[in-house]
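Residues per chain, in single letters:
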Amino acid sequence: MSRRSNPYRQELRVARSQRKRLQMIKDKITDMSVEWDGLSGGLECDFYMLAEETEKQLDVLDAQMGDWTKGYGDGREVE
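Residues numbered from 1 in each chain as written. Predicted model: local features only at pLDDT ≥ 70, side-chain atom pairs only at ≥ 80, totals over all residues. Heavy atoms only, no water.

J.: Looking at this structure, how should I read helix α1 (residues 9–35)?
T.: The end-to-end C-alpha distance of α1 is 40 Å, a good match for the 39 Å that 27 residues give at a rise of 1.5 Å each. If you check which residues of α1 are buried, you get Leu12, Ala15, Lys26, Ile29 and Ser33. (Helix = DSSP H or I, 4+ residues; strand = E, 2+ residues; numbered from the N terminus. Expected span 1.5 Å × (residues − 1). Buried < 20%, exposed > 50% of the residue type's maximum accessible area, 1.4 Å probe, protein only.)

Laid out in structure tokens, this is it:
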């Protein structure tokens, strides 16, 4: 039984790399929020909200990667 090539191999490679980087960015923003604890509630909240938005984008990227891993997305589906 031969294994079919995933037509989204390139997209997955880029997405996995960017997902790691985006997770690191979110972690750093979260750390920045913590640094403002007790100094400026406004800035603490702003950085926390930015980290939450970044988390939403990670969820979107995860969903797209899930589709690509299964071999479908924009018409290049694996048969």
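J.: Mind showing me how you'd approach the pattern of salt bridges here?
T.: Where charged atoms of side chains with opposite charge meet at close range, the side chains can pair. Applying the stated criterion to the full structure yields 3 salt bridges. With a closest N to O distance of 3.6 Å, Lys26 and Glu55 form a salt bridge. A residue pair is termed long-range when its members are at least 10 positions apart, and Lys26 in helix α1 and Glu55 in helix α2 (residues 41–70) qualify at 29 residues. Residue classification places Glu55 among the partly exposed positions, given a relative accessible area of 30%. Glu53 is the salt-bridge partner of Lys56, the closest N and O atoms lying 3.0 Å from each other. Here the residue Lys56 and the residue Glu53 both occupy positions in helix α2, the gap between them amounting to 3 residues, near one helical turn. (Salt bridge = Lys/Arg side-chain N within 4 Å of Asp/Glu carboxyl O.)

J.: Help me understand the side chain of Asn6 in this model?
T.: Following the sequence through the fold, Asn6 ends up in the segment before α1. Polar side-chain contacts of Asn6 include one of 2.7 Å to the backbone nitrogen of Tyr8. Within polar-contact distance, the side chain of Asn6 engages the backbone oxygen of Trp68 at 2.7 Å. (Polar contact = N/O pair within 3.5 Å; in protein donor to acceptor, adjacent residues only side chain to side chain.)

J.: What's the story with α2 in this structure? I'm lost.
T.: Since the α-helix packs 3.6 residues into each turn, any two residues three or four apart lie on the same face. Compared with the 44 Å implied by 1.5 Å per residue over 30 residues, the 44 Å span of α2 between its first and last C-alpha is a close match. Taken together, the buried positions of α2 are occupied by Phe47, Ala51, Thr54, Leu58, Leu61, Met65 and Trp68. Residues of α2 that are buried sit in contact with α1. Phi for Gly71, located one or two positions after α2, is positive at around 95 degrees. (Contact = heavy atoms within 4.5 Å.)

J.: What am I meant to see in the packing of aromatic side chains here?
T.: Within this structure, the stated rule accounts for 1 aromatic pair. On the basis of an interplanar angle of 20 degrees and a centroid distance of 6.3 Å, the ring pair of Tyr8 and Trp68 is categorised as stacked. With Tyr8 in the segment before α1 and Trp68 in helix α2, this residue pair connects regions lying 60 residues apart in the sequence. The exposure classification of Tyr8 matches that of Trp68, with both residues buried. (Phe/Tyr/Trp six-rings, centres within 6.5 Å; stacked < 30°, edge-to-face > 60°.)

Shape descriptors only; they carry no functional weight alone.
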